[in-house]
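Here is how the chains run, residue by residue.
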Amino acid sequence: MLNVALPKGRLGEKVYAMFEKAGFECPSIRENNRKLIFENPEKQVRYFWVKPSDVAIYVERGAADIGIAGKDILLEYQPEVYELLDLGLGKCRMAVAAPVGFYDDGERTLRVATKFPHIAANHYARIGREIDIIKLNGSIELAPILGLSNVIVDIVETGTTLQENNLAVVENIVPISARLIANKAAFHFNHIQIEEILDALKKQVDSND
Amino acid sequence: MDENVLKREEKAVFGLRSLYRKYGYLPYKMSKFEEYEYYIRNKDFLTSDRIITFNDTNGKLLALKPDVTLSIIKNGGDAPGCKQKVYYNENIYRVSGSTGQYREIMQAGLECIGDIDLYDIYETVSLAAQSLQLISEDFVIQISHLGVLAAVLDRISGDQKFRQSAIAYIAEKNAHDLSRLCREYGIGAEESRILSGFVTIYGNREWVLDQLEALCGSWAEESLAQLKALSKMLDKTEFNPKILFDFSVVNNMNYYNGIVFKGFLNGICDGILAGGQYDKLMQKLQRKAGAIGFAIYLDLLEQLPGNRAEYDVDVLLLYNEETDFSCVSRQVERLIAEGKNVYAQKQIPPKLRCRQIVRLGKDGAEC
């Protein structure tokens, strides 16, 4: 039985639809109930919904054999997993944003507010800029407006929230999308089933391109 | 001796020791501490540069061992023409990647140091397989060859950033980001296809060799010939189908060269065995010899499902202040002779799970 961790929310539902189309359906998942785990013994597959940021942990620790995680989470936590496919869903970008007209003269330590301290630290280390990271858990856009930080490093989808708060993207760091990941050990012992799923999902991704 | 009292990792240690002795490996015992400076000079070889340190009585900064291989190399001497073969079973202290906390890790392994030839490589891989087989029949060993990868990368690009990223993507089996990287660096379509082959070609050794031969045979002739010869020797072993080729096994190429491998046991979420040939590390440490070895992380065996005991003891023997103590002793011995384990107490301890409670009266008889 292959354990699949799906991210709760709209992205997870889209991903499940892809698994369904790939022939790994589990009708009970569509029922309106409070169950946490959904199983289709015939297809040898078991799904469960988890918080999107926890998918990589479930997979890395082997509680799930495969799962779907955002590239942002993979870059931030760097779990020891295989990254098998870019599903092309949930496309956005990790970017540096600042108040419109902001200019970094490089004379002072740059204060960076973010939910992704590791990604931010790596980005500025690459360009050799000294920074002070302010780790926040939400409403990141507020930080430069109230003077808590000079810039933010965050996920930007359409840029509307930034625009409405008089912020603008200064620099793109990396494109983000949903990825199919696999536990390294589980991959070696279940590779036939995982490859079957991978091939079927890949066909869907290629046809969408 | 009753082997049932041994934990799985303790049984494994005995089994491994006996296996390695059969092949002439000698035990290697080392100090728990090493000079901190030695590790810092070679910190890239370690999985983390966070090391537990303390001051010796003379003020020298010492470290609790985060690694065994470095100590073995440091303390050995070169003997041209000879090989030093040692095995060990040591606790090491490292930071856990997931929790960021220090952990004590029970590690067993072996090192073969000297003029490494194909037989040594075969013997090391074979012993790695036999080590896992001692623990469970359900195992897999993935072998890669850094010489093949290095030769292909040499042909494609000399850019260190490109090479590092490409290797990281191959280790992740991440074909999509590898293609994107090749596009970013203007790598040609043919070279990009060859590099992607290292993600998609894995599994049965013969099939992998055929594919690689067709893909990049002329680029890495020497290394592929070594892989072929090793594969042929492994064909004759009982664990032949469990040893596969997979280029996602990538160790630090500044230290490792040639064969590298990783072992997995079904039921354990991480690789339990890791090893490879590390001639480059030997050169960095001014040793003239080559070396190959592997380590097994025995603490991971806890993850294997096992038969948990239903009870803590078979018999809880309850006596009181008035009971004759010699009668208590006689009853304990009698029950042990019946093959039971006995816990003599005056009161029932909280949370104790016992199969049977026996109460002794004043005269020592059951009541």
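Residues numbered from 1 in each chain as written. Chains lettered and ligands numbered in written order. Predicted model: local features only at pLDDT ≥ 70, side-chain atom pairs only at ≥ 80, totals over all residues. Heavy atoms only, no water.

The secondary structure content of chain A amounts to 8 helices and 11 strands. Considering only C-alpha atoms, chain A reaches an extent of 65 × 35 × 35 Å along its principal axes. Out of the 209 residues belonging to chain A, those deemed buried represent 47%. In chain A, of all internal contacts separated by at least 6 residues, the share reaching a separation of at least 24 is 66%. Within the structure as shown, chain A displays about 10700 Å² of accessible surface, and the carbon and sulfur contribution to it stands at 48%. The averaged location of the 29 negative side-chain charges in chain A is 3 Å from the averaged location of its 24 positive side-chain charges. (Helix = DSSP H or I, 4+ residues; strand = E, 2+ residues; numbered from the N terminus. Buried < 20%, exposed > 50% of the residue type's maximum accessible area, 1.4 Å probe, protein only. Contact = heavy atoms within 4.5 Å. Areas by Shrake-Rupley, 256 points an atom, 1.4 Å probe, with all protein chains shown as cover. Lys, Arg positive; Asp, Glu negative; His and termini not counted. Charge placed at Lys NZ, Arg CZ, Asp CG, Glu CD.)

This part takes up the overall build of chain B. A count of helical and extended segments in chain B gives 12 helices and 15 strands. In terms of overall dimensions, chain B is more spread out than a globule: its C-alpha atoms have a radius of gyration of 27 Å, far above the 21 Å expected for 367 residues. Overall, chain B is about 90 × 55 × 40 Å in size when its C-alpha atoms are taken along their principal axes. Per-residue burial for chain B yields a buried fraction of 52% across its 367 residues. In the structure as shown, chain B presents an accessible area of about 18300 Å², 47% of it carried by carbon and sulfur atoms. Taken as two groups, the 45 positive and 50 negative side-chain charges of chain B have centres that lie 2 Å from each other. (Rg over C-alpha atoms; globule rule 2.2 N^0.38 Å.)

A few words now on the interface of chain B and chain A. Contacts between the two partners involve 21 residues from chain B and, on the opposite side, 18 residues from chain A. The junction of chain B with chain A conceals about 1600 Å² of combined surface from both sides, 54% of it contributed by carbon and sulfur atoms. On inspection of chain B and its partner chain A, the count reaches 2 salt bridges. Asp 177 of chain B is the salt-bridge partner of Arg 179 of chain A, the closest N and O atoms lying 2.9 Å from each other. Counting the contacts that link chain B with chain A gives 11 residue pairs in polar contact (both at pLDDT 80 or more). Breaking the side of chain B that touches chain A down by element, the ones donating at least two residues are strand S7 (139–145), helix H7 (175–184) and strand S10 (259–265) of chain B. Looking at the side of chain B that touches chain A element by element, the count peaks at 3 residues for S7 of chain B. Its residues placed into classes, the side of chain B that touches chain A shows 8 nonpolar, 7 polar and 6 charged. (Buried area = accessible area lost by both parts, 1.4 Å probe. Salt bridge = Lys/Arg side-chain N within 4 Å of Asp/Glu carboxyl O. Polar contact = N/O pair within 3.5 Å; in protein donor to acceptor, adjacent residues only side chain to side chain. Nonpolar A, V, L, I, M, F, W, Y, C, P; charged D, E, K, R; others polar.)

Time to look at the packing of helix H6 (residues 160–171) of chain B against helix H8 (residues 189–200) of chain B. Residues and elements named next belong to chain B. Between H6 and H8, whose axes approach to 9 Å, the crossing angle comes to 35 degrees. Between H6 and H8, the contacting residues are Phe 162, Ala 166, Tyr 169 and Ile 170 on the first element and Leu 195, Phe 198 and Val 199 on the second. Residue composition of the contact of H6 with H8, grouped by class: 7 nonpolar, no polar and no charged. (Axes fitted to C-alpha atoms, helices over the stretch in contact; angles between N-to-C directions.)

On to the confidence of the model for chain B, then. Here chain B averages 89 in pLDDT, and 97% of its residues register 70 or above. Predicted complex, confidence summary: ipTM 0.89, pTM 0.87. (pLDDT = per-residue confidence, 0-100.)

Moving on, we come to the sheet that holds strand S4 (residues 66–70) of chain A. Residues and elements named next belong to chain A. Strand order in the open sheet formed by 6 strands is S2-S3-S1-S4-S11-S5, with mixed pairing between adjacent strands. With partners counted over all chains shown, the strands left at the sheet margins are strand S2 (37–40) and strand S5 (81–86), one partner each. Neighbour-to-neighbour, the strand axes of the sheet open up by a mean angle of 25 degrees, direction not taken into account. In the packing of helix H8 (residues 191–208) onto the sheet, contacts are made with strand S1 (2–7), S4, S5 and strand S11 (178–183), and the angle to S5 comes to roughly 30 degrees. (Pairing = 2+ DSSP bridges.)

Residues and elements named next belong to chain B. Strand order in the open sheet formed by 9 strands is S1-S5-S6-S12-S11-S10-S7-S9-S8, with mixed pairing between adjacent strands. Edge positions in the open sheet fall to strand S1 (26–27) and strand S8 (202–203), since each of these has one partner strand only. In the sheet, S7 pairs with strand S9 (residues 243–246) via 3 bridges, with the strands oriented parallel. What sits directly across from Ile 143, in S9, is Phe 245.

Let us look at the pairing of S5 of chain A. Residues and elements named next belong to chain A. The buried count for S5 comes to 5 of 6 residues, which makes it a mostly enclosed element. Summarising the sheet, S5 and S11 pair through 5 bridges and their orientation is antiparallel. The residue of S11 that forms the bridge with Leu 85 is Leu 180.

Moving on: the confidence of the model for chain A. In the predicted model, chain A carries a mean pLDDT of 94, and 100% of its residues have values of at least 70. Looking over chain A, one finds the lowest element-wise mean pLDDT in helix H6 (residues 160–164) of chain A, namely 92, and the highest in S11 of chain A, namely 98.

Right, let's get into the packing of helix H9 (residues 205–216) of chain B against helix H10 (residues 221–235) of chain B. Residues and elements named next belong to chain B. Running from amino to carboxyl end, H9 crosses H10 at an angle of 165 degrees, the nearest separation of the two axes being 11 Å. Overall, the two elements H9 and H10 adopt an arrangement that is roughly antiparallel. When the axes of H9 and H10 are compared, the crossing they make is left-handed. On the side of H9, the interface is formed by Arg 205, Leu 209, Leu 212, Glu 213 and Cys 216, while H10 contributes Leu 224, Leu 227, Lys 228, Ser 231, Leu 234 and Asp 235. Here the residues of the contact of H9 with H10 sort into 6 nonpolar, 1 polar and 4 charged. (Parallel < 35°, antiparallel > 145°, perpendicular 65-115°, else oblique. Left-handed = near helix turned anticlockwise from the far one by under 90°.)

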